[in-house]
Amino acid sequence: MTSLQDYLASVQLSNPAAVAIRPQLPREKIEGCHICTYVMPGEPQVILGKDKAFTYDFVFDMDSQQDAIYSTCTEKLIEGCFEGYNATVFAYGQASL
C-alpha cells in the first residue's frame, strides 16, 4: 500500500475515500450471521452481497489493524495540521459494543 501523501500527489486527489470493514462481533458469530462483504484482492473495491461493487481510494478488510489504517489514511494529514494546513477526517460507522 502506498502512503496517502504519495497517492494524493500521483492522482491530484483532494478528498480521498477509504473504507474499513469491521470484524464480526462475538454476538454476530454466535447468531450465525453471514459475512456479506468481500474485498477484491489487489483492488480498492468492496463487493456487497453478490452483485454490488463499490470502489474507494483505500480499502481495509476485517484483518486490517488500526495502526495500518491510521498510517495510511490520517497520519500525514495530522502532520500537515502542525505545519499550518487544514485537514478533515470524517469517520462514520457502527461501533463495536
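Rules behind the numbers
Residues numbered from 1 in each chain as written. Predicted model: local features only at pLDDT ≥ 70, side-chain atom pairs only at ≥ 80, totals over all residues. Heavy atoms only, no water. Patch = residues over 30% accessible without salt bridge, like charges linked within 9 Å, V, L, I, M, F, W, Y side chains within 5 Å. Areas by Shrake-Rupley, 256 points an atom, 1.4 Å probe, with all protein chains shown as cover. Salt bridge = Lys/Arg side-chain N within 4 Å of Asp/Glu carboxyl O. Helix = DSSP H or I, 4+ residues; strand = E, 2+ residues; numbered from the N terminus. Buried < 20%, exposed > 50% of the residue type's maximum accessible area, 1.4 Å probe, protein only. Axes fitted to C-alpha atoms, helices over the stretch in contact; angles between N-to-C directions. Parallel < 35°, antiparallel > 145°, perpendicular 65-115°, else oblique. Contact = heavy atoms within 4.5 Å. Nonpolar A, V, L, I, M, F, W, Y, C, P; charged D, E, K, R; others polar. pLDDT = per-residue confidence, 0-100. Pairing = 2+ DSSP bridges.

A.B. asks: Please set out a nonpolar patch on the surface residue by residue, giving values where relevant.
C.D. replies: Together, Tyr70, Ile78 and Phe82 give the surface a local cluster of nonpolar side chains, amounting to about 350 Å² of exposed area. Relative to the helices and strands, Ile78 resides in helix 4 (residues 75-82). Since its relative accessible area comes to 35%, Ile78 is described here as partly exposed.

A.B. asks: Tell me about the pattern of salt bridges, residues and numbers included.
C.D. replies: Applying the stated criterion across every chain, the model contains four salt bridges. A salt bridge links Glu31 to Arg27, with the shortest nitrogen-to-oxygen separation between them at 4.0 Å. Classification of Glu31 by relative accessible area gives exposed; the value is 55%.

A.B. asks: Any chance you could break down the packing of helix 3 (residues 66-73) against helix 4 for me, citing the residues and the numbers?
C.D. replies: Direction vectors running N to C along helix 3 and helix 4 enclose 50°, while the axes themselves pass 4 Å from each other. Viewed along their axes, helix 3 and helix 4 adopt a mutual orientation that is oblique. For the pair helix 3 and helix 4, the contacting residues are Tyr70, Ser71 and Cys73 in the first and Glu75, Leu77 and Ile78 in the second. Here the contact of helix 3 with helix 4 is built from residues that sort into four nonpolar, one polar and one charged.

A.B. asks: Report on the confidence of the model for the chain, specifying residues and quantitative values.
C.D. replies: Taken as a whole, the chain shows an average pLDDT of 84; of its residues, 81% reach a score of 70 or greater. Here helix 1 (residues 4-11) stands out as the element of the chain with the lowest mean pLDDT, 60, in contrast to strand 4 (residues 52-55), whose mean of 95 is the highest.

A.B. asks: How would you summarise the pairing of strand 4 if you had to cite specific residues and measurements?
C.D. replies: Pairing of strand 3 (residues 45-48) with strand 4, which is carried by four bridges, proceeds in the antiparallel orientation. Directly across from Leu48, in strand 4, lies its bridge partner Lys52.

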